[in-house]
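One letter stands for each residue in the lines below.
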Amino acid sequence: MARTLTFATRIVSLLGRIDITDSSSEQLAYYAKGEFALLKRRWRIYDHNDQELMQIHHKRLAIRPTFVVSGQLGPMTLQRKFFSLKREYWVTGGPYEGAVFKGNLLDLAFTITRNNQLLAKASEKLLSIRDTHNVEVLTDSHDDELFTVLAVVAMQLEKKASD
């Protein structure tokens with residue numbers, strides 16, 4: 001089941017949408033859609049059959065960028081590290097407690113680790129009209145793939161909020 005996923009932000013979308021395709025078959029594997037709320041923005045992640053898998057709430061008034069997650073992987077919180085040149089997040093709660101995902105200095109590549117095991121690595125296409133990342137999931141676990149989707153969507157959500 002280890003595979004490469006391509007995350008592409010739609011150019012024309014009122015609240016935001018990220019299409020996630022399997023790079024080998026070019027078929028839609030997942031997608032994420034944004035919903036507007038005044039104090040916290042919510043994104044929902046769906047599989048290719050339009051079944052909702054997870055929800056991500058971005059807390060707007062938190063001291064540090066914070067995302068509260070619910071859904072198929074259980075409840076968890078993702079938080080960004082303070083005072084870092086690179087974007088770095090860690091997970092509290094749920095089965096991925098202690099997992100870390102962080103970007104490089106230019107924010108074009110990132111890794112996702114859990115218990116010192118590399119779960120996924122990614123790079124951004126430099127010459128693209130929209131934000132596009134190729135993410136290589138390095139395990140055969142379906143849950144690791146879902147967590148990778150969650151991590152990338154959260155990073156994109158925070159990146160859009162800071163733009």
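Scroll up for the structure.
Residues numbered from 1 in each chain as written. Predicted model: local features only at pLDDT ≥ 70, side-chain atom pairs only at ≥ 80, totals over all residues. Heavy atoms only, no water.

Peer 1: Mind showing me how you'd approach the pattern of salt bridges here?
Peer 2: On inspection of all chains with the given rule, the structure shows six salt bridges. One salt bridge in this structure joins arginine 3 and glutamate 145, with 2.8 Å as the shortest N-O distance. In this pair, arginine 3 is assigned in the segment before strand S1 (4-9) and glutamate 145 in helix H1 (residues 142-162), connecting sequence segments 142 residues apart. Between aspartate 144 and arginine 114 there is a salt bridge whose closest N-O contact spans 3.9 Å. Highlighted residues: aspartate 144 in helix H1 and arginine 114 in strand S10 (residues 109-114), separated in sequence by 30 residues. Given a relative accessible area of 7%, aspartate 144 falls into the buried group. Arginine 114 gets classed as partly exposed once you look at its relative accessible area, which sits at 23%. Each of Arg3, Asp22 and Glu145 takes part in salt bridges that share partners, so that together they form one network. (Salt bridge = Lys/Arg side-chain N within 4 Å of Asp/Glu carboxyl O. Helix = DSSP H or I, 4+ residues; strand = E, 2+ residues; numbered from the N terminus. Buried < 20%, exposed > 50% of the residue type's maximum accessible area, 1.4 Å probe, protein only.)

Peer 1: What should I look at first to understand unusual backbone geometry in this one?
Peer 2: For residues besides glycine, phi is generally negative; the peptide bonds are generally trans as well. Of note, the phi angle at glutamate 26 is positive, near 60°, even though the residue is not glycine. You can see glutamate 26 is positioned in the loop between strand S2 (17-22) and strand S3 (27-35). On the basis of relative accessible area, glutamate 26 is assigned to the exposed category, the value being 58%.

Peer 1: Is there a simple way to think about the nonpolar core in this case?
Peer 2: Taken as a class, soluble globular proteins show a tendency for nonpolar side chains to be buried jointly. Core analysis: the biggest nonpolar cluster contains 39 residues, and Ile56, Leu78, Phe101, Phe147 and Val153 have the highest contact counts within it. Ranked by residue count, the leading element in this core is H1, at 10 residues. Not counting chain neighbours up to four residues away, the residues in contact with phenylalanine 101 comprise Leu78, Arg87, Glu88, Tyr89, Val91, Thr111, Ile112, Phe147, Ala151 and Met155. (Core = buried A, V, L, I, M, F, W, Y, C linked by side-chain atoms within 4.5 Å. Contact = heavy atoms within 4.5 Å.)

Peer 1: I'm lost on the pairing of strand S9 (residues 100-103) in this one. Help?
Peer 2: Each regular strand shows side chains that alternate between the opposite faces of the sheet. Here S9 shows a buried face lined by Phe101 and Gly103 and an unburied face lined by Val100 and Lys102. Relative to S9, strand S8 (residues 88-92) runs antiparallel, the two sharing three bridges. Bridging from a neighbouring strand, glutamate 88 pairs with lysine 102 of S9. The pairing of S9 with S10 spans four bridges and is antiparallel. (Pairing = 2+ DSSP bridges.)

Function cannot be read off these values alone, since they describe shape.
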